[in-house]
2 protein chains.
Amino acid sequence: MTRVLVVDDEPQIVRALVINLKARTYEVDAAHDGATALQLAAARHPDVVVLDLGLPDMDGVDVIRGLRGWTRVPILVLSARHSSDEKVEALDAGADDYVTKPFGMDELLARLRAAVRRAEPAGTGEGDVIVETGEFTVDLAAKKVQRAGRDVRLTPTEWHLLEVLVRNSGRLVGQKQLLQEVWGPSYGTETNYLRVYMAQLRRKLEADPSHPKHFVTEPGMGYRFEK
Amino acid sequence: MTRVLVVDDEPQIVRALVINLKARTYEVDAAHDGATALQLAAARHPDVVVLDLGLPDMDGVDVIRGLRGWTRVPILVLSARHSSDEKVEALDAGADDYVTKPFGMDELLARLRAAVRRAEPAGTGEGDVIVETGEFTVDLAAKKVQRAGRDVRLTPTEWHLLEVLVRNSGRLVGQKQLLQEVWGPSYGTETNYLRVYMAQLRRKLEADPSHPKHFVTEPGMGYRFEK
DNA sequence: CGGGCGCGTCAGGGTTCCGTCAAAGACGGC
DNA sequence: GCCGTCTTTGACGGAACCCTGACGCGCCCG
């Protein structure tokens, strides 16, 4: 199920979007100002954001920057402004598309589909969404982990953490980046979360959890997943 | 260098685009019909395609489908048609964006930048910048150092120091600059830090630490990293 | 020829960082 | 409204890391 975050301060627009999106089986969250939008984005991790630039509390472009600080989620900008400069500024700040009001619902939905489609992982054909180690296998598409032939049960947070690490296989991921990608942009310093959840992952997946081979700690820097 | 394929049958539009793109150091190919476009795309593997839908030999949407059969290259559609149905059809066929003529060049270029930006890998396993010497390799993105096939563990400070030196490969880096980049702006004179950590780096990476080949001391001035 | 300066090396101590455990709090399902 | 699961906290021992001071060496210059 695709999750959409709608951000607009005009209730009738939000209403129209929510109705149309829900009718097409999207899951929808709505925010009417920038602060709520950033908070909801962090909490719910939408697959795409529809963002009106004219918000009551902050500049829409700053909302884009706030999101881009920690996520690459597609951002589709709505705006009453037709000026070329506004469009360029929003797009260069990290927006993916820019639609001027009034807009046609069909067109908006088509642009939304396009944004979601290209954000999907490229590995549809033969791309290996499955990562194997000597002891366990991770299927990123199916969100499944197997060990010794048996499915391993992971909580949502555990899975999310595993996913970020596996997607950066072999590469060091800084603790700040991990925290922000899993818990949201305001959690850049709560390193104790990492300690607890890394321990959970190792207990569930490593052969010898106290001497991890695949989830390696780099003291003072971050963690690294190694096949 | 980013390569753009421009497809349009109106010579003046192609000309305007080519001039503007080349001025911004894009590499540009141009086609005036669909068949040539598909052929050029296959031969040159552009990073983004700008496609006019009104072509003389075939339907623009079929060009999109032809491309999407084998590539996910971003496609930015240009069209004189404002109808919503046309847009929806093109977008659902696999286009990434749809701009109606007449268009502003600034806006088009901004949309092009957005399309290229989101197509570039978030960080795929390969494609990292790797610096090699005869004895060890440094992967700056993965924060990984290998020597004789084995991973070498570096502490945060050691890594930071190595990073500054490697980023200035071949150039002399003054001790003051090194100190300030690694330890912070208020540390301009504690040269003993440098001595200690340079020794650590050499012990971990040089074949003969007391006769360094890659981390060269320039007495009284600073240090230099040599491949 | 001797002193001074800059650099390399080593080892100890204070501090930060990490793994582990347990328990309270929040959330959702029945 | 209760119960089980998941998340968030807090505390503690141990490990890793950073700073520091001392010493030896080679080079330049007096």
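Keep in mind that what you see is a predicted model, and the values were worked out from it rather than measured.

Participant: Just checking my understanding: could you explain the overall build of chain A for this structure?
Facilitator: Helix and strand counts for chain A stand at eight helices and twelve strands. Considering only C-alpha atoms, chain A reaches an extent of 60 × 35 × 25 Å along its principal axes. In chain A, the share of contacts with a sequence separation of at least 24, taken over all contacts with a separation of at least 6, comes to 57%. Counting only carbon and sulfur atoms, one obtains 49% of the accessible surface of chain A, whose full area is about 10800 Å².

Participant: In this structure, what is going on with the domain arrangement of chain A? I would like to understand it.
Facilitator: All names here are of chain A. Entries for chain A in the domain assignment read domain 1 (3-119) and domain 2 (130-225). One C-alpha centre belongs to domain 1, the other to domain 2, and the line joining them spans 31 Å. With four residues of domain 1 at the contact, the number on the domain 2 side is seven residues. Among the residues domain 1 hides against domain 2, the three largest losses belong to Ala-42, His-45 and Trp-70. Together they make up 93% of the total. Counting every contact that joins domain 1 to domain 2 gives zero salt bridges.

Participant: Before we go on, may I ask you to explain the protein's contact with DNA strand D in this structure?
Facilitator: Around DNA strand D, the structure places 16 residues, and the nearest of them are Thr-155, Thr-157 and Tyr-193 of chain A together with Thr-157 and Tyr-193 of chain B. Close to the protein, within 4 Å, the atoms of DNA strand D are drawn from sugar and phosphate at a rate of 88%. Between Tyr-197 of chain B and DNA strand D, the recorded distance is 3.2 Å, taken from a side-chain N or O atom to a sugar or linking oxygen. Looking at the surface near DNA strand D, the elements with two or more residues in it are helix H6 (156-167) and helix H8 (191-205) of chain A together with helix H6 (156-167) and helix H8 (191-205) of chain B.

Participant: Just checking my understanding: could you explain the sheet that holds strand S10 (residues 172-174) of chain A for this structure?
Facilitator: Two orientations exist for strands paired in a sheet by backbone hydrogen bonds: parallel and antiparallel. Residues and elements named next belong to chain A. Spatially, three strands are ordered S10-S12-S11 in an open sheet, and the strand pairing comes out antiparallel. Among the strands making up the open sheet, the edge pair consists of S10 and strand S11 (215-218). Averaged over all pairs of adjacent strands, the angle between their axes in this sheet comes to 30 degrees, without regard to strand direction. Pairing of S11 with strand S12 (residues 222-225) involves four bridges; the strand directions are antiparallel. Bridge pairing in S12 links Glu-218 to Gly-222.

Participant: Any chance you could explain the interface of chain A and chain B here in plain terms?
Facilitator: For an interface, size is often stated in terms of accessible area lost upon the parts coming together. Each partner contributes to the interface: chain A provides 34 residues, whereas chain B provides 35 residues. Here chain A meets chain B over a buried area of about 2800 Å², counting both sides, of which 41% is carbon and sulfur. In this structure, Glu-107 of chain A engages Lys-87 of chain B in a salt bridge whose closest nitrogen and oxygen atoms are separated by 3.0 Å. Viewed at the interface, chain B and chain A are joined by 21 residue pairs in polar contact (both at pLDDT 80 or more). Looking at the side of chain A that touches chain B, the elements that each hand over two or more residues are helix H4 (84-93), strand S5 (97-100), helix H5 (105-119) and S11 of chain A. Sort the elements by how many residues they give to the side of chain A that touches chain B and H5 of chain A lands first, with eight residues.

Participant: Which parts of the structure should I look at to understand the pairing of strand S8 (residues 144-147) of chain B?
Facilitator: Note on strand geometry: in a regular strand, side chains alternate between the two faces of the sheet. Residue and element names in this part refer to chain B. Two elements, strand S7 (residues 136-139) and S8, share four bridges in a ladder whose sense is antiparallel. Directly across from Asp-139, in S8, lies its bridge partner Lys-144. Taking the residues that link successive antiparallel strands as the turn, the S7-S8 hairpin has four residues, and the phi of Lys-143 there is positive, at about 50 degrees.

Participant: Please explain the pattern of salt bridges as it appears in this structure.
Facilitator: For side chains of opposite charge, pairing can occur when their charged atoms come near one another. Inspection of every chain in the model, using the stated rule, returns 42 salt bridges over all chains. Put simply, Asp-96 of chain A and Arg-68 of chain A hold a salt bridge, and the shortest N to O gap is 2.9 Å. Highlighted residues: Asp-96 of chain A in the loop between H4 and S5 and Arg-68 of chain A in helix H3 (residues 60-68), separated in sequence by 28 residues. Since its relative accessible area comes to 23%, Arg-68 of chain A is described here as partly exposed. Arg-224 of chain A is the partner of Glu-226 of chain A in a salt bridge, and the nearest nitrogen-oxygen pair spans 3.9 Å. With a relative accessible area of 4%, Arg-224 of chain A lands in the buried category. Several salt bridges converge on common partners, so that one network encompasses Lys-87, Asp-97, Glu-107 and Arg-111 of chain A together with Lys-87, Asp-97, Glu-107 and Arg-111 of chain B.

Participant: Teacher, can you tell me more about the sheet that holds S8 of chain B here?
Facilitator: Residues and elements named next belong to chain B. What the four strands build is an open sheet, ordered S6-S7-S8-S9; its pairing is antiparallel. Taken across any chain shown, the strands that pair with only one partner, and hence form the sheet edges, are strand S6 (130-132) and strand S9 (150-152). When strand polarity is set aside, the average angle formed by the axes of neighbouring strands in this sheet is 25 degrees. The pairing of S6 with S7 spans three bridges and is classified as antiparallel. When the bridges of S7 are listed, Val-131 appears paired with Val-138. Contacts from H8 reach S7, S8 and S9, with the element oriented near 50 degrees to S8.

About the cut-offs
Residues numbered from 1 in each chain as written. Chains lettered and ligands numbered in written order. Predicted model: local features only at pLDDT ≥ 70, side-chain atom pairs only at ≥ 80, totals over all residues. Heavy atoms only, no water. Helix = DSSP H or I, 4+ residues; strand = E, 2+ residues; numbered from the N terminus. Contact = heavy atoms within 4.5 Å. Areas by Shrake-Rupley, 256 points an atom, 1.4 Å probe, with all protein chains shown as cover. Domains from an automatic or database assignment. Buried area = accessible area lost by both parts, 1.4 Å probe. Salt bridge = Lys/Arg side-chain N within 4 Å of Asp/Glu carboxyl O. Near = heavy atom within 4 Å. Polar contact = N/O pair within 3.5 Å; in protein donor to acceptor, adjacent residues only side chain to side chain. Pairing = 2+ DSSP bridges. Axes fitted to C-alpha atoms, helices over the stretch in contact; angles between N-to-C directions. Buried < 20%, exposed > 50% of the residue type's maximum accessible area, 1.4 Å probe, protein only.

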